[in-house]
Amino acid sequence: MDVDLRPVRKLRESAAARAAVGPILEAVCASPADLASLRVVCDWIQYKQNFREPVVGRPVGDTDTEIAFDLRRCGDLDPEHLAARVKQALSGPGDQPGVALEPWVTGRDSCIWRFNQLYWQALSGWEQATGREYEQSLPGGESDARNAEAARELILELFRIWDELAARRALPEELYILELGVGNGSQARTWLDEFLQLDRRHGREYYHRLRYLMGDYSPHVLDRARQAVAHHSERVSALVVEATRPSVTLGFLAGKAFLVYISNVYDNLPTDELASIHGRTYQVETQAYLAEDDADRIARQLSCRRDELVTLIDRLLRIGPELLSEASPGNCADPGQAVAFWQATWEALRLRERYVPLEGLDSYQITPTLTGEILRPLIEGDGDVRMHVSNGALGSFTGTLPLLHPYGRVQCHDLFLTSSQQYRTGFYGPGKYDGSVVNWVNGPLLQLVASRRGFGVEYTPFRQRPGSNITTLTAQARD
Ligand SMILES: C[S@@+](CC[C@H](N)C(=O)[O-])C[C@H]1O[C@@H](n2cnc3c(N)ncnc32)[C@H](O)[C@@H]1O
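Remember, predicted model here, so these are calculated numbers, not experimental data.

As for the nonpolar core
Working step 1: Residues Trp162, Trp191, Tyr266, Phe341 and Leu473 are the most contacted members of the largest nonpolar core, which totals 129 residues.
Working step 2: By residue number, the principal contributor to this core is helix H7 (residues 148-167), which donates 9 residues.
Working step 3: Each of domain 1 (1-96) and domain 2 (134-270 + 374-477) accounts for three or more of the residues forming this core.
Working step 4: Beyond its immediate chain neighbours, meaning those up to four positions away, Leu473 contacts Phe397, Val410, Gln411, Cys412, Phe416, Leu446, Val457, Glu458 and Tyr459.
Working step 5: Listed in part, the 19 residues of the second largest apolar core include Ala20, Ile24, Val40 and Val55.

This is the structure:
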């Protein structure tokens with residue numbers, strides 16, 4: 001039996017984490033499971049809202065099983081409950097209770113991403129119900145995108161490049177800046193306000209040549225952001241952009257963008273997970289479901305039968321809460337009730353997982369133009385590991401690099417892992433932030449991919465807020 005204790009730091013810091021390990025092993029050893037084909041994995045799931053039960057079983061191929069524990073929550077279970085949970089988790093794939101919302105799919109195809117998209121499309125309904133703005137659930141309680149000092153630093157660096165290009169008569173007339181995933185527009189406003197002030201002092205009239213493009217897939221979010229920068233409206237355009245495929249809308253920008261700015265977006269894009277277990281590579285497949293009690297409670301809330309829930313959830317995801325209350329008034333009398341249904345479903349939503357053998361890394365497509373071959377040095381040959389593929393982030397990143405002017409850069413504040421070793425010692429998602437999904441981003445993989453395309457990637461801690469988990473990625477063409 002293998003035992004993989006991942007939350008290394010927590011084991012040092014938390015007596016509760018250490019105290020949970022003994023009873024967990026006791027419960028596993030007392031179970032009737034074949035210990036020879038069992039892997040025990042312990043995580044510390046720091047997200048209070050997440051997709052996992054405290055104890056879950058996962059088939060590994062056709063013969064083996066992994067049982068996973070969340071040390072944070074297992075500490076609260078008495079031995080009897082723990083043993084019952086272990087028994088349930090090991091009861092086999094044919095005997096999984098609950099209401100499945102989808103077939104088994106890869107992580108990036110899960111319906112959790114439809115929920116994520118709905119959150120950004122119908123944000124105001126959600127915020128009205130919670131009385132909280134989305135920013136309050138980001139790391140630190142507000143977005144680092146508003147940090148004026150960070151914006152000034154970037155702008156002054158741009159002025160330096162533009163002055164040099166102007167001296168060589170090589171500065172284009174239009175100076176393009178692109179922001180992807182604009183949220184409430186705070187970053188754009190901070191950035192443009194600072195730009196105007198610094199430009200007045202600098203005296204080169206760059207502001208009048210500026211074209212600030214705001215891209216987001218949510219028209220609702222774009223509207224909000226547009227209002228936040230109404231006083232810069234002549235310099236700003238808002239575009240509906242799918243961040244994972246920027247070239248579809250932004251091809252006209254190829255070779256022109258001096259800065260592509262992205263914050264707290266990559267951790268919000270769809271991703272698969274792959275794992276190496278005993279020298280074999282597996283794809284993690286998932287299935288979203290509601291536990292029996294939760295499904296019964298939500299069905300009562302909607303005055304519907306449990307077997308009608310899946311259809312109603314699908315309808316909610318397709319048309320949103322407002323239209324749902326018009327289409328199904330017998331279930332949700334008004335938009336407020338439809339939002340309450342949405343929130344209850346999201347809170348209860350869980351993912352089960354299984355490991356399915358992967359044919360070969362070269363036949364696995366990370367994005368339409370990138371195969372899994374590039375993962376080989378990160379995932380193979382160094383023991384068991386499970387990692388994010390960050391498919392959405394990679395699609396976005398590789399689609400963005402060609403948009404850069406030769407002196408341009410991508411700057412991205414986000415939750416990046418900066419070494420693949422970290423996957424062996426911690427949990428990096430998925431978790432839930434209010435109504436959206438969060439997964440840390442596989443930084444070494446982005447670095448590798450950029451390097452093959454002639455770009456250097458640097459990771460630095462977000463200087464303006466020491467101690468935060470946010471890391472800044474800067475990507476530029478190598479000289
Ligand atoms: C967490 S918010 C970050 C907002 C802002 N950049 C900040 O730091 O406060 C994520 C933003 O990314 C957008 N977004 C998420 N997935 C997207 C996708 N696939 N394509 C385009 N925009 C996306 C959301 O609509 C939202 O505006």
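The rest of the description comes next.
Focus: helix H16 (residues 443-452)
Working step 1: Restricting attention to buried positions, one finds in H16 the residues Gly443, Pro444, Leu445, Leu446, Val449 and Ala450.
Working step 2: Two residues or fewer past H16, Gly454 is found with a positive phi of approximately 85°.

Notes on helix H2 (residues 15-30)
Working step 1: In this model, H2 (16 residues) spans 24 Å end to end at C-alpha, consistent with the 22 Å of a helix rising 1.5 Å per residue.
Working step 2: Against strand E1 (2-5), helix H1 (8-13), strand E2 (38-43), strand E4 (64-70), helix H3 (71-74) and helix H4 (79-89) lie the buried residues of H2.

Describing the sheet that holds strand E7 (residues 175-180)
Working step 1: Pairing in this open sheet of 7 strands is mixed, and the strands run E9-E8-E7-E10-E17-E23-E22 from one edge to the other. Two strands close off the open sheet at either side, each with one partner strand: strand E9 (236-240) and strand E22 (455-461). Looking at each pair of strands side by side, their axes are set apart by 15° on average, direction ignored.
Working step 2: As judged from the 6 bridges shared by E7 and strand E8 (residues 210-216), these two strands associate in the parallel manner. Pairing of Leu180 across the sheet is with Gly215, part of E8.
Working step 3: Its contacts with the sheet place helix H8 (residues 186-202) against E7, E8, E9 and strand E10 (257-263), and it is angled at close to 175° to E8.
Working step 4: On top of the sheet, H16 reaches E22 and strand E23 (471-477); it is set at about 155° to E22, its chief contact.

A look at the packing of helix H6 (residues 123-130) against helix H9 (residues 219-228)
Working step 1: Two elements in contact, H6 and H9, have axes separated by 9 Å at closest approach and are oriented at 75°. In terms of axis orientation, H6 runs roughly perpendicular to H9. Where H6 approaches H9, its residues Leu123, Ser124 and Glu127 are matched on the opposing element by His220, Val221 and Arg224.
Working step 2: Its residues assigned to classes, the contact of H6 with H9 shows 2 nonpolar, 2 polar and 2 charged.

Section: unusual backbone geometry
Working step 1: Cis geometry is found at the peptide bond from Gly429 to Pro430, where omega equals 10°.
Working step 2: Tracing the chain through its elements places Pro430 in the loop between strand E18 (416-417) and strand E19 (431-433).
Working step 3: The backbone of Asn264 sits at a positive phi, close to 55°, despite the residue not being glycine.
Working step 4: Mapped onto the elements, Asn264 comes out in the loop between E10 and strand E11 (273-277).
Working step 5: Given the relative accessible area of 15%, Asn264 is considered buried.

As for a nonpolar patch on the surface
Working step 1: Residues Met1, Val3 and Leu5 make up a contiguous nonpolar surface patch of about 230 Å² in total accessible area.
Working step 2: For Val3, the position within the fold is in strand E1.

Description of the packing of H7 against H8
Working step 1: Viewed as axis vectors pointing N to C, H7 and H8 meet at an angle of 45°, and their least axial separation amounts to 9 Å. By the angle class used here, H7 and H8 are oblique. Here the hand of the crossing between H7 and H8 comes out right-handed. Facing H7, whose interface residues are Ala148, Ala151, Arg152, Leu154, Ile155, Leu156, Leu158, Phe159, Trp162 and Asp163, H8 presents Thr190, Trp191, Glu194, Phe195, Leu198, Asp199 and His202.
Working step 2: Grouping the constituent residues of the contact of H7 with H8 by class yields 11 nonpolar, 2 polar and 4 charged.

Overview of the environment of His278
Working step 1: Relative to the elements of secondary structure, His278 occurs in the loop between E11 and strand E12 (280-290).
Working step 2: On the accessibility criterion, His278 (54% relative accessible area) is exposed.
Working step 3: One polar contact links His278 to Asp2, side chain to side chain, over a distance of 2.6 Å.

Description of the packing of aromatic side chains
When we look at a pair of aromatic rings, we describe it by the centre distance and by the angle of the planes.
Working step 1: Evaluation of the coordinates by the stated rule reveals 21 aromatic pairs.
Working step 2: With centroids separated by 5.4 Å and ring planes inclined at 35°, the aromatic side chains of Phe115 and Trp346 adopt a geometry described as tilted. Of this pair, Phe115 sits in helix H5 (residues 112-121) while Trp346 sits in helix H13 (residues 335-348), placing them 231 residues apart in sequence. The two residues Phe115 and Trp346 agree in class, both being buried.
Working step 3: Taking the centre distance of 5.5 Å and the plane angle of 85° together, the rings of Tyr119 and Trp126 count as edge-to-face.
Working step 4: By the ring-pair criterion, three or more aromatic residues cluster together here, those being Phe159, Trp162, Trp191, Phe195, Tyr206, Tyr207, Tyr212 and Phe258.
Working step 5: Across from the ring centre of Tyr289, 4.2 Å away, lies the NZ or CZ of Arg352, which sits over that ring.
Working step 6: Positioned above the aromatic ring of Trp346 is the side chain of Lys432, whose terminal nitrogen or guanidinium carbon lies 5.4 Å from the ring centre.

What to know about the domain arrangement of the protein
Working step 1: On domain assignment, one finds that the protein holds domain 1 (1-96) and domain 2 (134-270 + 374-477).
Working step 2: Contacts between the two partners involve 15 residues from domain 1, matched on the other side by 15 residues from domain 2.
Working step 3: Together, the buried faces of domain 1 and domain 2 total about 1,300 Å²; carbon and sulfur atoms form 55% of this surface.
Working step 4: Of all residues in domain 1, Arg6, Tyr47 and Phe51 give up the largest surface area on contact with domain 2, accounting jointly for 48% of the area buried on that side.
Working step 5: Between Arg39 and Asp384 there is a salt bridge, with its nearest N and O atoms 2.9 Å apart.
Working step 6: Linking domain 1 to domain 2 there are 7 residue pairs in polar contact (both at pLDDT 80 or more).
Working step 7: For the side of domain 1 that touches domain 2, the residue count by class is 6 nonpolar, 3 polar and 6 charged.

The rules behind these values
Residues numbered from 1 in each chain as written. Predicted model: local features only at pLDDT ≥ 70, side-chain atom pairs only at ≥ 80, totals over all residues. Heavy atoms only, no water. Core = buried A, V, L, I, M, F, W, Y, C linked by side-chain atoms within 4.5 Å. Buried < 20%, exposed > 50% of the residue type's maximum accessible area, 1.4 Å probe, protein only. Helix = DSSP H or I, 4+ residues; strand = E, 2+ residues; numbered from the N terminus. Domains from an automatic or database assignment. Contact = heavy atoms within 4.5 Å. Expected span 1.5 Å × (residues − 1). Pairing = 2+ DSSP bridges. Axes fitted to C-alpha atoms, helices over the stretch in contact; angles between N-to-C directions. Parallel < 35°, antiparallel > 145°, perpendicular 65-115°, else oblique. Nonpolar A, V, L, I, M, F, W, Y, C, P; charged D, E, K, R; others polar. Patch = residues over 30% accessible without salt bridge, like charges linked within 9 Å, V, L, I, M, F, W, Y side chains within 5 Å. Areas by Shrake-Rupley, 256 points an atom, 1.4 Å probe, with all protein chains shown as cover. Salt bridge = Lys/Arg side-chain N within 4 Å of Asp/Glu carboxyl O. Left-handed = near helix turned anticlockwise from the far one by under 90°. Polar contact = N/O pair within 3.5 Å; in protein donor to acceptor, adjacent residues only side chain to side chain. Phe/Tyr/Trp six-rings, centres within 6.5 Å; stacked < 30°, edge-to-face > 60°. Lys NZ or Arg CZ within 6 Å of the ring centre and 35° of its normal. Buried area = accessible area lost by both parts, 1.4 Å probe.

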